[in-house]
Structure formats: C-alpha cells, structure tokens
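The chain contents come next:
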Amino acid sequence: VTPGFVSVGLPVGIMEIIQEPSTVDASLTDDPYGVHPSFTTADGYNPNSSVVAVTRLGGVTSSVSVPDGGLVPGSSGWFDLAGARPADAVAKDVVAVHVDLSRGAVKGGGGAMPAALARVRELLDDARLYGAQRAAFDRRAMRETHANRADLERMQDVLKGKLPLVVRVSRAADILRVLDLGKTYKLRLVLQGVEEGWKVADAVAAAKVPVIIRPLT
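Residues numbered from 1 in each chain as written. Predicted model: local features only at pLDDT ≥ 70, side-chain atom pairs only at ≥ 80, totals over all residues. Heavy atoms only, no water.

Focus on the packing of aromatic side chains
Here is step 1: Counting across every chain of the model gives two aromatic pairs.
Here is step 2: Here Tyr-45 and Phe-79 contribute two aromatic rings whose centre-to-centre distance is 4.1 Å and whose plane-to-plane angle is 5 degrees, an arrangement assigned as stacked. Separated by 34 residues along the polypeptide, Tyr-45 in the loop between strand S1 (5-10) and helix H1 (50-57) and Phe-79 in strand S3 (residues 74-80) bring together distant segments of the chain. Phe-79 carries the same exposure label as Tyr-45, and that label is buried.
Here is step 3: Ring centres 5.0 Å apart and planes at 90 degrees place the aromatic pair Tyr-130 and Phe-137 in the edge-to-face group.
Here is step 4: When its relative accessible area of 0% is taken as the criterion, Tyr-130 is described as buried. (Phe/Tyr/Trp six-rings, centres within 6.5 Å; stacked < 30°, edge-to-face > 60°. Helix = DSSP H or I, 4+ residues; strand = E, 2+ residues; numbered from the N terminus. Buried < 20%, exposed > 50% of the residue type's maximum accessible area, 1.4 Å probe, protein only.)

Set out below in structure tokens:
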C-alpha cells in the first residue's frame with residue numbers, strides 16, 4: 001500500500017475537452033491574457049469530470065488544479081479526487097496565486113518579458129497601495145488601479161506571506177529576475193517549470209525557493 005500521488009499544475013476537474021467551451025472552467029475566454037488573481041478554480045471544480053475518474057486510475061488521489069490563461073491566471077485549489085460533490089472534494093479552496101511567465105503568456109501580455117514583469121510589479125504595487133489605503137479606495141480618493149477590488153484583496157495574502165506566489169518560468173535569466181522580485185516584495189515564491197533551473201541552481205538554493213518540475217522536461 002502506497003500513498004496516492006498528487007497532481008500539481010494541471011487543470012484537473014476544471015478542464016475536460018478544450019474544444020468544448022462548456023467543459024472548460026480553467027480560464028477567462030474574454031480576457032485570455034489578463035491579470036486575475038481572484039479567479040478561483042474551486043468555484044468551477046467538477047468532481048464528475050471524466051478526467052477526474054481517469055486520473056484516479058493512475059493512482060492520483062488528489063490534485064492542486066491550477067487556472068490557465070493570462071499573466072496572472074488566478075488561484076489554485078486543493079481537491080480530493082474521491083469527493084463526489086464539490087463540498088466533499090474541495091480540501092482547500094485557495095492554495096496559491098499563479099503567475100505565468102512562459103513564452104505564450106508573455107507574448108499575449110505585451111510581447112516581451114519586460115512588459116510582462118512590469119505588469120506583475122504593477123499588480124504588486126497596486127495591492128500594496130490598496131492595503132494601506134482601503135478607505136481611500138472606497139471613497140475613490142486614491143489613484144486608479146488596473147486591478148479590481150477582489151483581485152487586490154486576494155493579493156493581500158500574497159504580500160503578507162499567507163499565500164505563495166507560484167511563477168511558471170523557464171529561462172535561467174528570467175529565473176534570476178523572479179528571485180529578485182520575490183526578494184524585493186518579500187514573497188513566498190515557488191517556481192514552476194524551471195527548465196533552465198540547473199544553470200542557476202545555486203541561486204535558487206540560496207534563496208530557499210521550492211520548485212515544481214516535470215521529470216520528462
């Protein structure tokens with residue numbers, strides 16, 4: 001008898017057939033390259049998805065199902081794949097906020113890494129300002145923010161270290177930039193993908209930042 005495997009980083013239970021929109025709750029179709037930290041997969045998880053049943057056959061008993069699409073696609077949840085109803089399946093509704101700095105997301109968010117990182121920094125700065133001036137925000141007495149209230153509220157837990165910020169990033173140079181970002185804003189970083197992480201493994205280890213990798217890549 002062995003413990004069940006945990007699927008991490010896939011849209012299990014929130015995406016079934018990508019060509020059939022009615023079975024896709026992993027992303028926003030009207031703004032596929034946006035910034036939506038409050039978009040929460042727990043609100044769309046379908047325990048009756050055929051993907052859940054097939055995944056269980058492989059020995060996977062729980063899943064951290066992540067949103068997809070955009071620079072900041074949203075927040076992941078932790079799901080028990082044996083749960084027959086959403087209330088039974090959702091072990092934790094919000095696990096982390098995700099940032100996607102893969103080439104596809106960066107291309108859609110401005111076409112270059114500098115533009116993508118600038119948008120992420122803007123979100124963090126807006127969240128800091130909102131956290132310090134909630135009353136002014138309610139009175140519309142502070143500068144305009146690009147993020148809405150729900151997104152700014154979700155980012156408070158990121159800034160306070162209550163939620164990790166999981167960043168999908170590949171290139172060695174970009175990994176170093178993300179590590180600097182985490183240090184500047186005092187974030188609980190987790191790196192995902194890190195295909196060139198072996199080139200900067202010493203820096204990742206020194207920063208004590210966990211990584212999520214795919215063995216096949």
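Notes on the sheet that holds strand S5 (residues 165-169)
Here is step 1: Across the sheet, seven strands lie side by side as S1-S2-S3-S4-S5-S6-S7; this open sheet has mixed pairing. Whereas interior strands pair on both sides, the edge strands pair on one side only; in this sheet they are S1 and strand S7 (211-212).
Here is step 2: Direction of pairing for S5 relative to strand S6 (residues 189-193): parallel, over a ladder of five bridges. Its bridge partner being in S6, Leu-165 is matched across the sheet by Leu-189. (Pairing = 2+ DSSP bridges.)

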